[in-house]
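# Coordinate inspection notes
So you can see what is in the structure, the chains are spelled out below.
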Amino acid sequence: MSAFNVAKFGGTSVANFEAMSRSASVVESNPETKLVVSSACAGVTNFLVELANGIKDADHRQEILNQLANIHFSIISELKEQEGVKKEIQAILNTVNSLAEAASFQSSNQLTDHLVACGELMSTHILAQLMRDRGMNAIRFDIREVLRTDDNFGRAEPQLDDIAALAKEKLEPLCNKYIVVTQGFIGSDEQGNTTTLGRGGSDYSAALIAEGVQAAGLEIWTDVPGIYTTDPRIAPKAKAITEISFSEASEMANFGAKILHPSTLLPALRHGIPVFVGSSREPEQGGTWIRKRVENSPLYRAVALRANQTMVTIRSAKMFQAYGFLAKVFEILAKHKVSVDLITTSEISVSLTLDKTDTSGGAPELPPAVRSELEELANVDVERNLSLVALIGNQMETKGYAKDVFSTLGDYHLRMICYGASDHNLCFLVDAEEAKAVVQKLHQDLFETDSE
Ligand code: ADP
Ligand code: ASP
Ligand code: MG
């Protein structure tokens, strides 16, 4: 195991000169941190996704390009050494310009990945220079040399054996000499095409890189001092959790807690790498440790919210007392590579939600070809404008808790309830307009009472 830590800084932690300087201080204050994984500056990926979706109006494209130039050049204007990094950023902005023009004629997932990767490619040039200005021995490294993925553009799968070998060969020797600043979110396939891991993927990148170099620790620096009992933006009385288990934190991430990309904890868990989550704005506030074993495992740990859910209900009266219905449904879904998230079934119907965290954003669609195949079998109903609320905890089969939960939610319309597959969660699908109120009410009744 390497004796060093990997530290990841999210978009708000590198949003401007002050934020980048605070992040550099965090790295400086811990001599064990040798590898820095950075997101794009806040807002940049959203602009790039807009361009990648194809904007016909050249003036509108130019406006976005100007905004991108502003974000980066205003940070550069505060650097001591500006010339080298200015040229690098200008070259990347030129690439953005030509890719955005190409996307306005015809977009593709491959082109989108090439374009959106430019955010991280730019932020890391600036962050490395800012660190050198402060006298830190920092170099920028292009992670596409190490983070090998398949070619599933927009949601690429990391190739773990390749990453481990490449990290050993290319990254580890650098970490012994320098503070290496590299990109989150992006990778490359075997042919050298740029790929991405899906929105919010920098957390996952950092964990994969930590696994690759067998780091001693992984630090996720963001804009809140740790993982809270729910999103503090939704419930201001949410409390920071000092210590949480991998399974609880994974459930939170899976069920939409934006603080961590859903796959982040898999590599850390595989290699037993402890993970710390803290705020680069207020590092002195401490944060949350995610560990294999924790002292305290409360019945209710947290509430998570995931927006943009699509529910598909497949119903067929013909299937009453017939066998093979579910098998046929899943055969069709598997054939078209439609990934299913939650599911509830009865003898003649099945309701499921579609899974998606790729670069394009928005609610996942049921592809028309899948719909028509399913319609040969049964009636198909697709509903959008739904959100998923998950209550995360421990030993949730405990007697009596269902009464607490359901009496709390008596006034809300629960569209689908999933419980039992894991004793760490209970989740509900609710109308999007009610979702925040449901989270607030659950949090208030289960986490804000004196007995908790
Ligand atoms: P970064 O850009 O650093 O990756 P994100 O915006 O992706 O940051 O994630 C941090 C945000 O996650 C917080 O600002 C907060 O609003 C949100 N969040 C959602 N659930 C939680 C939670 N349980 N605890 C803390 N933050 C949460
Ligand atoms: N920049 C990417 C995004 O905004 C990845 C990340 O920040 O984690 O989704
Ligand atoms: Mg994030």
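Residues numbered from 1 in each chain as written. Chains lettered and ligands numbered in written order. Predicted model: local features only at pLDDT ≥ 70, side-chain atom pairs only at ≥ 80, totals over all residues. Heavy atoms only, no water.

Time to look at the overall build of the protein. Scanning the protein from terminus to terminus reveals 14 helices and 16 strands. Here the C-alpha atoms of the protein give a radius of gyration of 23 Å, agreeing with the 22 Å that 2.2 N^0.38 yields for 452 residues. Overall size of the protein, expressed as C-alpha extent along the three principal axes, is 70 × 55 × 40 Å. Every one of the 452 residues in the protein was classed for burial, and the buried ones make up 52%. Residue pairs at least 24 apart in sequence account for 75% of intrachain contacts in the protein once pairs closer than 6 positions are excluded. Of the side chains in the protein, 42 bear a positive and 59 a negative charge, and the two mean positions are spaced by 1 Å. (Helix = DSSP H or I, 4+ residues; strand = E, 2+ residues; numbered from the N terminus. Rg over C-alpha atoms; globule rule 2.2 N^0.38 Å. Buried < 20%, exposed > 50% of the residue type's maximum accessible area, 1.4 Å probe, protein only. Contact = heavy atoms within 4.5 Å. Lys, Arg positive; Asp, Glu negative; His and termini not counted. Charge placed at Lys NZ, Arg CZ, Asp CG, Glu CD.)

What follows is about the nonpolar core. Counting residues in each nonpolar core, the largest one holds 106 residues, and the members touching the most others are M131 and I290. If you look at the next biggest cluster of nonpolar residues, it comprises 18 residues, including V389, M396, L426 and V439. (Core = buried A, V, L, I, M, F, W, Y, C linked by side-chain atoms within 4.5 Å.)

Taken together, the eight strands give an open sheet; going across it, the order is β3-β4-β2-β1-β7-β9-β10-β8, and neighbouring strands pair in mixed fashion. Edge positions in the sheet fall to β3 (138-141) and β8 (243-245), since each has one partner strand and no second. The mean inter-strand angle of the sheet, taken between neighbouring strand axes irrespective of direction, is 20 degrees. In this fold helix α8 (residues 202-212) packs onto β1 (5-9), β2 (33-38), β4 (179-183) and β7 (217-222), with an angle of close to 150 degrees to the strand it touches most, β2. Along the sheet, helix α9 (residues 246-254) makes contact with β8, β9 (275-279) and β10 (287-291), crossing β8 at roughly 85 degrees. (Pairing = 2+ DSSP bridges. Axes fitted to C-alpha atoms, helices over the stretch in contact; angles between N-to-C directions.)

To continue, consider the layout of surface pockets. For the second largest pocket, the calculated volume is near 280 Å³. T229, I241, N296, P298 and R301 are the residues nearest the centre of the second largest pocket, which is lined by twelve residues in total. Tallied by class, residues from the lining of the second largest pocket come to five nonpolar, three polar and four charged. (1 Å grid on protein atoms, 1.4 Å probe; cavity = no way out; pocket = protein on both sides within 12 Å on 5 of 7 lines; lining within 4 Å. Points joined across faces, edges and corners; volume = space filled by probe spheres on them. Nonpolar A, V, L, I, M, F, W, Y, C, P; charged D, E, K, R; others polar.)

So, about the state of the cysteines. Applying the stated criterion to the full structure yields zero disulfides. With no disulfide of its own, C418 lies closest to C427 among cysteine sulfurs, the gap being 5.1 Å. Residue classification places C418 among the buried residues on the basis of a relative accessible area of 10%. (Disulfide = S-S within 2.5 Å.)

With that settled, the discussion passes to the packing of aromatic side chains. In total, this model carries four aromatic pairs according to the counting rule given. Between Y300 and F447 the ring centres are 6.5 Å apart and the planes differ by 55 degrees, which places this aromatic pair in the tilted class. Residue Y300 is located in strand β11 (residues 300-315), and its partner F447 is located in helix α14 (residues 432-447); the two are separated by 147 residues in the primary sequence. A residue is classified by how much of its surface remains accessible, and Y300, at 6% relative accessible area, is buried. According to the relative accessible area criterion, F447 is buried, its value standing at 4%. For the ring pair F406 and F428, a centre distance of 6.1 Å and an interplane angle of 85 degrees mean the geometry is edge-to-face. Linking F406 in helix α13 (residues 401-408) with F428 in strand β16 (residues 425-431), this pair joins segments that are 22 residues apart in sequence. (Phe/Tyr/Trp six-rings, centres within 6.5 Å; stacked < 30°, edge-to-face > 60°.)

Before going further, it helps to examine the site of ligand 2. Around ligand 2, the neighbouring residues are S39, T45, E120, F185, R199, G200, G201 and S202. For ligand 2, an oxygen atom lies 3.0 Å from a polar atom in the side chain of S39. Side-chain polar atom of R199 to an oxygen atom of ligand 2: 2.7 Å apart, as the coordinates give it. Bound to the protein, ligand 2 loses 85% of the 260 Å² it would expose on its own. (Near = heavy atom within 4 Å. Polar contact = N/O pair within 3.5 Å; in protein donor to acceptor, adjacent residues only side chain to side chain. Areas by Shrake-Rupley, 256 points an atom, 1.4 Å probe, with all protein chains shown as cover.)

The final tally for this structure, using the stated rule, is one cavity of 30 Å³ or more. Quantified by volume, the largest cavity comes out at close to 50 Å³. The wall of the largest cavity is formed by T12, S13, A19, R22, T222, D223, S280 and R281. Residues that form the lining of the largest cavity fall into these classes: one nonpolar, four polar and three charged.

Time to look at the pairing of β1. Judged by how many residues are buried, β1 sits mostly within the fold: five of five residues are covered. Bridge analysis of β1 against β7 gives five bridges, and the strand direction is parallel. Residue pairing in the sheet places F9 in a bridge with W221 of β7. By the bridge criterion, five bridges tie β1 to β2 in an arrangement that is parallel. Note that in β2 the partner of V6 across the bridge is L35. Once the chain exits β1 it traverses helix α1 (residues 17-28) before rejoining the sheet at β2, and the crossover so formed is right-handed. (Right-handed = clockwise from strand over helix to strand, strands pointing away.)

Let us look at α8. Within α8, eleven of the eleven residues are buried, which leaves the element mostly enclosed by the surrounding structure. Note on α8: the residue one or two positions beyond its end, Q214, has a positive phi of about 50 degrees.

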